[in-house]
Amino acid sequence: MGFDVCGATQTCTGVLSLCIKCGETKITLTNSHSHLQENMSRLRTLRESVEKTLVIYWFRGNDIEQWLSEVDQTDGKVRALTTRFSDIENVIWKHIHRHGLIQEINTMSAKIEDVIQRGETLEHNLKIKDIHRVVAQLPKPITIENVPALKDKLDRLIQYVNDDAHNTIKVHGISGTGKTVLLQHLNNHEAIANHKKFHIVIWLPASEFEDRKKYQSTVAGIQHIISKRLRLCIGIEDDIGTISTKIRVELTDAKYLLLLDDVKKVKIDLGAIGIPNNTNGSKIIYTTYLPVSPFGKAVGVEMGMLSEPDSWELFENFFKDKDDITDNDEITTIARDVAKLCGGYFALIEIVARKFASNKTPNSWRNGLEILKRPAEKRDIYMKQMEKFLHFSYHDGLDENQKKCFLFSLLYPKEHKIPVDCLFDCWAANGFLGNDLIGEDILGRLLELALLIKGSNEQYVTINKMYRAATINLLQEHHEIKCLVVEEEPENRQSYNWEDMHWISLVDSGVNVLSTDVRCLKLTTLFLRKQSKLENIWSSFFDHMKELIVLDLYKTKFELELPMSSLRKLKVLYVNGSAILNRLPFKIEGPNNMLEVLDIRGCLINEIPHDIKSLKRLRRLLVSINREGPLSRLMISELSSLKELIIDVKQNDMASNNTCCNEVIEDIIQNIDSFKELTTLQVRFKDESIDVIQLSGNTLKIFVPKQGNLEHIFNGRVNLYSALQVYIGSRMTSKSEIQMSIKVFGSFVLSCDQIVHDSVIKRVLDHVKAIIMMKDDSVVHLDQIGISNCNIHNCLVQRCNNIETLILNTRDFSNLETLVLSECSQLRVLFSENVVQEAMCIKHLEIRECSAIEEINMLSTSGGDILPTLITLVLYNLPRLRNIYSDMNWPSLSTLEIRECDELKELSLNRDLTMLRNIRVESQWWENLRVADQIKQELQCQGIRNFL
C-alpha cells in the first residue's frame with residue numbers, strides 16, 4: 001500500500017491551524033478573564049464604598065438591598081467562571097470549550113459594568129441627601145438621671161422601644177408634667193442613636209406642624225417637616241397627595257421611629273401623610289394629654305406630678321453648677337421651700353428655678369420666696385414667664401366658653417376644694433355650656449391642660465396656687481367680665497367699684513359688714529360663702545341686683561329672708577349649712593320664678609315645703625331628711641321636672657352599714673315613681689354616698705337593693721338612653737371587680753340577688769346584652785336565670801359558690817357568645833351529661849380560679865363539639881384541671897391562653913386550627929406539654945407562641 005503524501009500534508013496543515021486557533025483562543029480567554037477580574041474588583045470596591053456610605057448617610061431602602069443582593073449574586077457567578085477558567089487554562093485541546101467560556105465571561109463583564117454604573121448612581125444619590133446621622137440630636141434638655149420618677153419613666157419608654165410587641169407608644173398626662181423633656185431625652189439616647197436599631201428617627205414637634213401661619217392643616221405640617229428631614233424636593237405647588245407619594249416611596253421598607261410631641265387631635269391619618277405601615281420594627285411614639293390614642297391601640301407611659309423629693313432633685317439640677325448657691329446652706333433651705341410651692345409641676349419647677357438661679361444671696365432668694373407666696377402682681381419677675389407658660393393652655397387650648405368656665409373657678413379662694421357639681425350648676429346658669437356642651441366635657445378639658453387638678457375624690461377639684469396667682473390677672477383683664485375677688489385685704493373693699501362688676505367673690509375674706517347703698521346692676525354672681533365674721537345683712541342689700549343669677553351663702557352666719565321678688569332672675573341658690581336654715585330663707589311669689597338649683601341641706605325635712613313645690617323650673621334639689629320621720633311625703637308630683645335629687649340622711653348615731661342604708665334607699669325609691677325625668681339620685685350618709693340613679697354620658701345606671709325595687713325606677717325611664725346598667729344588690733362600681741373580657745359591654749345587669757322572673761325583669765333583660773351574676777349563692781345553675789328568650793349575648797359568673805354544674809341544657813343559651821367564669825369554688829362541670837346538648841355559639845370562653853373543676857368536657861353526646869365557633873379560650877389558675885375533652889375542631893380559634901394549670905398535661909391540638917395566632921402559656925409548661933411534636937414545631941415555626 002502506497003503512502004498518501006497529499007493527505008498527510010493536509011492533515012498536518014489542519015493540525016497546525018488548530019494549534020494556532022487554540023493559542024489565539026487561549027490568549028483571548030486570558031484577556032477576557034483579566035478584564036472580568038478588573039471589573040469585579042471595581043464592583044467589590046464599590047460595594048464596600050456603598051456600605052460605608054449607607055452607614056454615614058442613610059438607611060437600606062429596597063433599591064439598595066436589591067443592588068447589594070445583585071452584587072453578591074454576581075460575585076458568586078464570577079467565582080464560578082474563574083474556577084472553570086482555571087480548569088481549562090493549561091489544557092491545549094479545549095478550543096470549543098474556551099470559545100463558549102469567552103462568550104460567558106464577556107457577557108458577565110458587560111453585566112458587571114451595568115451593575116457598577118447603577119451602584120455609582122445609588123451612591124451619588126445617597127450623598128446628595130446629606131443626612132449624616134440616623135438621629136438629629138436635639139439641644140440637651142435638663143438632666144433627669146437623678147430624678148427617680150422621671151428616670152423610671154424614661155427606662156420604661158426605652159423598654160417599650162426595644163420590645164417588638166409594641167409599635168405605638170404614648171407618653172400621656174396633663175400639661176406641664178415633663179412629657180416633652182422625656183421625649184427629648186429619648187431622641188438623644190444612645191439606644192436610639194444606634195443605627196442598627198432604626199434607619200431614621202424623625203422629630204415632629206406640634207409647635208411646628210400645628211403652626212397655621214405656615215401650614216393649612218396638621219397633615220400638611222407633618223408632611224413638610226418629614227420632607228425636610230428626608231431632603232425631599234417639595235415644590236410650592238405640590239399638594240398633599242403628591243407629597244404623600246414622595247414620602248411613601250422614601251420610607252417604604254425603612255425601619256423608622258417617629259417622635260410626635262404634643263399631639264392634640266384624636267385622629268391623625270398616617271396614610272394621608274405618606275407614612276407606610278411597615279411591620280419591620282418601625283414605631284411611633286407621641287406625647288399627648290388626650291385620653292384616646294389617635295393611632296389606635298397604644299401602650300402608655302403616664303406622667304404626673306412629682307413628689308417633694310423628686311421636685312427638689314429636679315429643681316436643684318437647674319443650678320448645680322453654681323457653687324455660690326449650692327455651697328450656701330441658707331439659700332439651700334430657702335430653695336427647698338421654693339420647690340415645694342411649685343406643686344410637683346415640671347414646667348413650673350423649670351420656670352421658677354431658671355429665674356431663681358440668677359439670685360446670688362440669701363436675701364434675694366428670701367425676697368423671691370415672699371413674692372411667690374403673696375398675691376401676684378403683674379410686675380413680678382416670674383409672672384411674665386408664668387403667663388407665657390399659661391398662654392398655650394389658656395389662649396391656645398380653650399375656646400371662649402371654656403375660658404369663662406376656667407375663670408369662674410378663680411372665684412374660689414386659693415387651695416380651696418372646688419365642688420365639681422357647683423361648677424356645673426354655675427356654668428350652666430351663666431350660659432357657658434351652650435346647647436351641645438356638658439360640664440363633664442369642659443372639666444375634662446381643663447384637667448387635661450392642667451389648669452385644674454383632680455381632688456382625692458371626684459367630687460372636687462383644685463387649682464395650683466401659682467397658676468391661680470398668674471391667672472387672676474387674666475380674669476381682671478377679660479374684656480367681657482369684670483370681676484372682684486376679695487381675699488385677704490378687706491380694708492380695701494370700699495375702693496372697689498361694685499357697680500361695674502359682673503362677678504363678686506368675698507369667700508372667707510373676713511368682711512364683717514356690707515353696705516346697703518351698693519347698686520350692682522350688672523352683677524350676675526355673688527359668692528358670700530363661709531363668711532364667719534359677717535353676722536348681719538339687710539334684705540335691702542339685694543334690692544339693686546336685678547341680674548343676679550348665682551347666689552352662694554354656704555355656711556354663712558347671718559339670718560335674713562331673701563327678697564325673691566327682687567331676685568327674679570336667680571337660678572342657683574346655695575344656703576346649705578347656713579344659720580338661715582332654721583327656716584326656709586325665702587317665700588315664692590307667683591309662677592315665674594327662675595330658680596333651677598336649690599341646696600337647703602342642713603334644714604331637716606320630711607315633707608317638701610309649699611314654696612319649693614311651686615318652683616316649676618327646679619332641675620336640681622339638695623335636701624336633708626330626718627330618718628326618724630316618715631318619708632312618704634318627701635316626693636311629690638309637683639316636682640316632676642326634677643332631674644337631680646341629692647339627699648343627705650341625718651340620724652343620731654346611725655352607722656353606714658348595708659342594712660340601714662338599704663332600708664333608707666328602699667323607702668326613697670318607693671316614692672319616686674313620678675320623677676320620670678330624674679337622671680341623678682344620690683343618697684348621702686355619714687360615711688358614704690350611694691348612687692341610686694346616675695347618667696354617665698348616654699348610659700343610664702340604676703342601683704336597687706332588691707329586684708322588687710325596680711318597678712319604681714325602671715318604668716318609662718330607659719327608652720331615651722343608648723345603654724343601661726342595672727345593679728341589683730351591688731353598689732355601682734367602676735367595674736374594677738368585673739373581668740376585663742366583660743367590661744367592653746355597655747349594657748348589663750349585675751345581680752348579687754336571686755333573679756325572680758316577673759314582667760319588670762323581663763323588660764330589663766330585653767334592654768341589655770350581658771348579665772353578671774356576682775356573689776350570689778342562691779344560684780345553682782344558669783338555667784334558673786331564664787335568659788332563653790332574651791337578647792343576652794354575654795354572661796359573667798363570679799364568686800357564685802353553690803354552682804356545681806353550670807348549664808343543664810345548652811338549648812336555652814343559643815344566643816350566648818361570651819361566657820366568663822371566675823372564682824366559683826364548687827364548679828365541677830360546665831355542661832350536664834344527662835341531656836343531649838346542642839352546639840352553642842360561644843366565641844369567648846374564660847375560666848379563672850375555679851379550684852374544684854377537674855375536667856372540661858366540650859363533646860356532645862350526639863357527636864361533635866359543643867363549642868364549634870370558639871375564637872378565644874382562656875384558662876387561668878385551675879389547680880385540679882386534668883383533661884379537656886374536645887376534638888378541638890375550632891376553625892376560628894385565634895387565641896389560646898393557659899396559665900397556672902399545672903395538672904393539665906396534654907392537649908389535642910390539631911392542624912385544623914388554621915386561624916390560631918396567639919398561644920400564651922408558661923414556657924416550662926409548654927416544654928412538658930404532650931402534643932404531637934410535628935404540630936408543636938409547626939406552631940413554633942409560625943412564631944405564634946408567647947411565653948408569659
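Residues numbered from 1 in each chain as written. Predicted model: local features only at pLDDT ≥ 70, side-chain atom pairs only at ≥ 80, totals over all residues. Heavy atoms only, no water.

J.: So what exactly am I meant to see when it comes to the nonpolar core here?
T.: Generally speaking, soluble globular proteins have nonpolar side chains that are buried together. One finds Leu526, Phe542, Leu806, Leu830, Leu845, Leu875 and Leu907 to be the most contacted residues of the largest nonpolar core, which totals 138 residues. If we skip the residues at most four places from it in the chain, Leu806 touches His781, Leu782, Asp783, Val797, Leu819, Leu821, Leu827, Val829 and Leu830. Counting 93 residues, the second-largest nonpolar core is a separate cluster that includes Leu157, Trp312, Val352 and Phe406. (Core = buried A, V, L, I, M, F, W, Y, C linked by side-chain atoms within 4.5 Å. Buried < 20%, exposed > 50% of the residue type's maximum accessible area, 1.4 Å probe, protein only. Contact = heavy atoms within 4.5 Å.)

J.: Any chance you could explain helix α13 (residues 329-341) here in plain terms?
T.: Given 3.6 residues to a turn, an α-helix orients residues that are three or four positions apart in the same direction. Its 13 residues place the ends of α13 19 Å apart at the C-alpha level, agreeing with the 18 Å of an ideal helix rising 1.5 Å per residue. Residues of α13 that are buried include every one of Ile331, Ile334, Ala335, Val338, Ala339 and Leu341, and no others. Viewed along the axis of α13, the buried residues span an arc of 150°, placing them on a single side of the element. Put simply, Asn328 is the residue that caps the front of α13, since its side-chain oxygen is 3.0 Å from the backbone nitrogen of Glu330. Looking at the residues trailing α13, positive phi occurs at Gly343, about 65°. (Helix = DSSP H or I, 4+ residues; strand = E, 2+ residues; numbered from the N terminus. Expected span 1.5 Å × (residues − 1). Arc of directions from axis to C-beta. Polar contact = N/O pair within 3.5 Å; in protein donor to acceptor, adjacent residues only side chain to side chain.)

J.: Sorry, what's going on with the confidence of the model for the chain here?
T.: Parts of the model with low pLDDT should not have their predicted coordinates read in detail. For the chain, per-residue confidence averages 78 on the pLDDT scale, and residues scoring 70 or more make up 79% of the total. This model gives residues 489-495 a pLDDT under 50, and the stretch forms seven contacts once residues within four places in sequence are excluded. (pLDDT = per-residue confidence, 0-100.)

J.: Quick question: what am I supposed to make of the pattern of salt bridges here?
T.: Where charged atoms from two side chains of opposite charge approach closely, those side chains can pair. Summed over all chains, the structure comprises 25 salt bridges. In this structure, the salt-bridge partner of Asp155 is Lys151, at a minimum N-O distance of 2.8 Å. Taken together, the residues Asp155 and Lys151, both in helix α4 (residues 148-162) and four residues apart, mark about one turn of the helix. Lys403 is the salt-bridge partner of Glu400, the closest N and O atoms lying 3.5 Å from each other. Residue Glu400 and its partner Lys403 are both found in helix α17 (residues 400-408); the two are separated by three residues, about one turn of the helix. On the accessibility criterion, Glu400 (39% relative accessible area) is partly exposed. (Salt bridge = Lys/Arg side-chain N within 4 Å of Asp/Glu carboxyl O.)

J.: In this structure, what is going on with the side chain of Glu596? I would like to understand it.
T.: Of note, Glu596 is situated in the loop between β13 (572-574) and β14 (597-605). Beyond its immediate sequence surroundings of up to four residues, Glu596 is in contact with Lys571, Arg617, Leu618, Arg619 and Arg620.

J.: How do you make sense of the sheet that holds strand β4 (residues 283-288) when you look at a structure like this?
T.: Across a sheet, strands are paired by hydrogen bonds formed along the backbone, either parallel or antiparallel in direction. Strand order in this open sheet of five strands is β2-β3-β4-β1-β5, and the pairing throughout is parallel. Each end of this open sheet is capped by a strand with a single partner; those strands are β2 (200-205) and β5 (299-302). Pairwise comparison of adjacent strand axes, ignoring direction, gives a mean angle of 15° for this sheet. Alignment of strand β1 (residues 168-172) against β5, held across four bridges, turns out to be parallel. If you follow Lys170 over to β5, its bridge partner there is Gly300. (Pairing = 2+ DSSP bridges. Axes fitted to C-alpha atoms, helices over the stretch in contact; angles between N-to-C directions.)

J.: Teacher, can you tell me more about the environment of Ala206 here?
T.: Within the element layout of this structure, Ala206 appears in helix α7 (residues 206-209). For Ala206, a relative accessible area of 3% corresponds to the buried category. When the C-alpha atoms of Ala206 and Val263 are compared, they prove to be 6.5 Å apart, with 57 residues separating the residues in sequence.

J.: Sorry, what's going on with the environment of Val461 here?
T.: Along the polypeptide, Val461 turns up in strand β8 (residues 460-462). Residues Val461 and Val420 lie 41 residues apart in sequence; the distance between their C-alpha atoms is 6.6 Å. Apart from residues no more than four positions distant in its own chain, Val461 is found in contact with His416, Lys417, Ile418, Val420, Leu423, Leu443, Leu447, Leu452, Ile453, Lys454 and Gly455.

J.: Would you mind showing me how to read the packing of helix α8 (residues 218-230) against helix α9 (residues 240-251) here?
T.: As a packed pair, α8 and α9 sit with axes 10 Å apart at the nearest point and diverge in direction by 40°. As far as their axial angle goes, α9 and α8 are oblique. The element α8 and its partner α9 pack so that their crossing is left-handed. Packed against α8, whose contacting residues are Val219, Gln223, His224, Ile226, Ser227 and Leu230, the element α9 presents Ile240, Ile243, Ser244, Ile247, Glu250 and Leu251 at the interface. Class assignment of the residues belonging to the contact of α8 with α9 gives a composition of seven nonpolar, four polar and one charged. (Parallel < 35°, antiparallel > 145°, perpendicular 65-115°, else oblique. Left-handed = near helix turned anticlockwise from the far one by under 90°. Nonpolar A, V, L, I, M, F, W, Y, C, P; charged D, E, K, R; others polar.)

J.: Any chance you could explain the pairing of strand β3 (residues 256-263) here in plain terms?
T.: Regular strands have side chains that alternate between both faces of the sheet. Taking burial as the measure, the eight residues of β3 include eight buried ones, the bulk of the element. Sheet topology places β2 next to β3; six bridges connect them, and they run parallel. Each bridged residue has a counterpart across the sheet, and for Pro205 the counterpart in β3 is Asp261.

J.: For this particular structure, what's the right way to read the packing of helix α18 (residues 420-429) against helix α19 (residues 439-448)?
T.: When two helices pack together, their arrangement is given by the angle between their axes and by how far apart the axes lie. With their axes 10 Å apart at the nearest point, α18 and α19 run at an angle of 115° to one another. In this structure, α18 crosses over α19, and the sense of that crossing is right-handed. Every residue of α19 that contacts α18 at Val420, Phe424 and Trp427 is listed here: Gly439, Glu440, Ile442, Leu443 and Leu446.

J.: What should I look at first to understand unusual backbone geometry in this one?
T.: Leaving glycine aside, a negative phi is the common case for residues, and trans is the common case for peptide bonds. Of note in the backbone geometry, Asp262 takes a positive phi value of approximately 70° without being a glycine. Positive phi, normally seen in glycine, also occurs at Glu823, with a value near 55°. Accessibility expressed as a relative area gives 26% for Glu823, which makes it partly exposed.

J.: What exactly am I supposed to notice about the side chain of Glu123 here?
T.: As for its position among the elements, Glu123 is in helix α3 (residues 95-129). If sequence neighbours within four positions are ignored, Glu123 has contacts with Leu46, Ser49, Val50 and Thr53.

J.: I keep staring at the sheet that holds strand β6 (residues 418-419) and nothing clicks. Help me out?
T.: The three strands lie next to each other as β6-β8-β7, forming an open sheet whose pairing is antiparallel. Strand pairing shows two members of the sheet lacking a second neighbour, β6 and β7 (453-454), which therefore form its edges. As paired elements, β7 and β8 share two bridges and run antiparallel to each other. Paired with Ile453 across the bridge in β8 is Thr462.

J.: Is there a simple way to think about the packing of aromatic side chains in this case?
T.: Remark: the centre distance and the inter-plane angle together describe each pair of aromatic rings, the angle taken between the planes. Evaluation of the coordinates by the stated rule reveals eleven aromatic pairs. Between Phe315 and Trp365, the ring centres sit 6.4 Å apart and the planes meet at 70°, which makes this aromatic pair edge-to-face. One end of the pair, Phe315, is in helix α11 (residues 308-317); the other, Trp365, is in helix α15 (residues 362-373), with 50 residues separating them in the sequence. Like Trp365, Phe315 is buried. Ring-pair connections join several aromatic residues into one group, and the members of that group are Phe408, Tyr412, Phe432, Trp503 and Phe527. (Phe/Tyr/Trp six-rings, centres within 6.5 Å; stacked < 30°, edge-to-face > 60°.)

J.: So what exactly am I meant to see when it comes to α18 here?
T.: A large share of α18 lies buried, amounting to eight of its ten residues. Within the sequence span of α18, burial applies to Val420, Cys422, Leu423, Phe424, Asp425, Cys426, Trp427 and Ala429. A positive backbone phi angle near 80° is found at Gly431, which sits one or two residues after α18.

J.: I would appreciate a short explanation of the pairing of strand β15 (residues 620-626) in the present structure.
T.: In terms of residue burial, β15 counts as a mostly covered element, since six of its seven residues are buried. Relative to strand β16 (residues 644-650), β15 is paired through seven bridges, and the arrangement is parallel. If you follow Leu622 over to β16, its bridge partner there is Ile646.

J.: Would you mind showing me how to read the environment of Ile608 here?
T.: With respect to the helices and strands, the residue Ile608 is situated in the loop between β14 and α21 (610-613). The spacing of Ile608 and Leu639 is 31 residues in sequence and 9.7 Å in space, taken between C-alpha atoms.

J.: Quick question: what am I supposed to make of the state of the cysteines here?
T.: Simply put, disulfide is the name for a covalent bond between the sulfur atoms of two cysteines. Summed over the entire model, instances satisfying the criterion amount to zero disulfides. In this structure Cys795 is a free cysteine whose sulfur lies 8.9 Å from that of Cys800, the closest cysteine sulfur available. Using a relative accessible area of 1% as the deciding quantity, one classes Cys795 as buried. (Disulfide = S-S within 2.5 Å.)

J.: Whenever I open this one, a negative patch on the surface confuses me. Can you help?
T.: A grouping of Asp321, Asp323, Asp327 and Asp329 is seen on the molecular surface, where their side chains present a negatively charged patch. With respect to the helices and strands, Asp323 occurs in helix α12 (residues 323-326). (Patch = residues over 30% accessible without salt bridge, like charges linked within 9 Å, V, L, I, M, F, W, Y side chains within 5 Å. Areas by Shrake-Rupley, 256 points an atom, 1.4 Å probe, with all protein chains shown as cover. Lys, Arg positive; Asp, Glu negative; His and termini not counted. Charge placed at Lys NZ, Arg CZ, Asp CG, Glu CD.)

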